[in-house]
Amino acid sequence: EAQVTQNPRYLITVTGKKLTVTCSQNMNHEYMSWYRQDPGLGLRQIYYSMNVEVTDKGDVPEGYKVSRKEKRNFPLILESPSPNQTSLYFCASSFLPGTDYGYTFGSGTRLTVV
Amino acid sequence: GENVEQHPSTLSVQEGDSAVIKCTYSDSASNYFPWYKQELGKRPQLIIDIRSNVGEKKDQRIAVTLNKTAKHFSLHITETQPEDSAVYFCAASQRTNAGKSTFGDGTTLTVKP
């Protein structure tokens, strides 16, 4: 089954404790992206990647890191999480999102930073 | 950068009525406009999209129109059903920066039986 898999689904952590949210896709998509969703603010893009070792900032990259060492994986790293990073995070992938295809989203990771 | 505004933020209709959600974008270079539906507790899912060389696209009860001159596009749902109740997001992206996709803030549609 074609899918984007995120883990974990739920995570509660403390301020300052480094964490990684994993994302994997099995569709051989070139593009992958991370979004955060907050009430009333829609989906805001954090980072995206056009291919292995090629990443770029989205609209809200502060406090996040990403890496794309393999085509199928695109982890999101919070090196020192803060409470304002409490949010619902979605990973997404696409063959070519700019012109022909939308993003396929994962199931989401609900992160709480206390 | 691109800015996408979406209206209304909430919309309530009776079953069987039509619903229209409108989005405007700021960057004239944007040329791909997808719409996503997010049911409660679920992930966003692409329901329809339109490219800048097309003015209208229809898929059963849903349609999208695009006015490039005015830089706005709209989602039309006809004969609404309770299962259409969800949050709908519009988005805009462009060929020259394909990975960057800017979303509107969403519209919560409620279809009352």
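Counting of residues starts from 1 at the beginning of each chain's written sequence and follows it residue by residue. Starting at A for chains and at 1 for ligands, labels are handed out in the order in which the entities are written. Since the coordinates come from a predicted model, pLDDT governs what is reported: local features require at least 70, and pairs of side-chain atoms require 80 or more to be given and counted, while whole-chain, interface and lining totals use all residues. For the side-chain quantities, the full set of heavy atoms in the structure was used; hydrogens and water were omitted.

Visitor: Which residues make up the overall build of chain A, and what values do they have?
Guide: Along the backbone of chain A there are zero helices and 11 strands. Along the chain direction, N to C, the helices and strands of chain A fall in the order β-β-β-β-β-β-β-β-β-β-β. Put simply, the radius of gyration uses C-alpha atoms, and a globule should come to 2.2 Å times the residue count raised to 0.38. Since a compact globule built from 114 residues should have a radius of gyration of about 13 Å, the 13 Å found for chain A is in line with a globular shape. Projected onto the principal axes, the alpha-carbon positions of chain A cover approximately 40 × 30 × 25 Å. A run of H or I in DSSP becomes a helix once it reaches four residues, and a run of E becomes a strand once it reaches two; helices and strands are each numbered from the N terminus.

Visitor: Tell me what's going on with the interface of chain A and chain B, and back it up with residues and numbers.
Guide: Many descriptions give the size of an interface as the accessible area lost when the pieces come together. By definition in these notes, contact holds between two residues if any of their heavy atoms fall within 4.5 Å. Counting residues at the interface gives 25 residues for chain A, matched by 23 residues for chain B. Defined in terms of a 1.4 Å probe, buried area is the accessible area two parts forfeit on being brought together, summed over both. Across the interface of chain A and chain B, roughly 1,900 Å² is buried in total on both sides, 49% from carbon and sulfur atoms. When the buried area of chain A at its contact with chain B is split by residue, Leu-43, Thr-99 and Phe-105 of chain A rank highest and sum to 27% of it. A carboxyl oxygen of Asp or Glu within 4 Å of a side-chain nitrogen of Lys or Arg is what we treat as a salt bridge. Here chain A and chain B share one salt bridge between them. Among the salt bridges present, the one from Asp-59 of chain A reaches Lys-100 of chain B, with a minimum N-O distance of 2.8 Å. N or O atoms within 3.5 Å of each other form a polar contact, as long as, within protein, one can give a hydrogen and the other can take it, and as long as residues adjacent in sequence are counted only when both atoms are side-chain atoms. Joining chain A to chain B, the criterion identifies 11 residue pairs in polar contact (both at pLDDT 80 or more).

Visitor: Explain the state of the cysteines residue by residue, including any values.
Guide: All names here are of chain B. For the purposes of this analysis, a disulfide is any pair of cysteine sulfur atoms at a distance within 2.5 Å. A full pass over the atoms with the stated rule returns two disulfides over all chains. The disulfide partner of Cys-23 is Cys-90, and the gap between their sulfur atoms is 1.9 Å. Residues Cys-23 and Cys-90 are joined by a disulfide whose S-S torsion is about -100 degrees; by sign, that bridge is left-handed. With Cys-23 in strand E3 (residues 19-25) and Cys-90 in strand E9 (residues 86-94), this residue pair connects regions lying 67 residues apart in the sequence. One exposure class covers both Cys-23 and Cys-90, and it is buried. Relative accessibility under 20% of the residue-type maximum defines a buried residue, over 50% an exposed one, and the middle range a partly exposed one, all with a 1.4 Å probe and only protein chains included.

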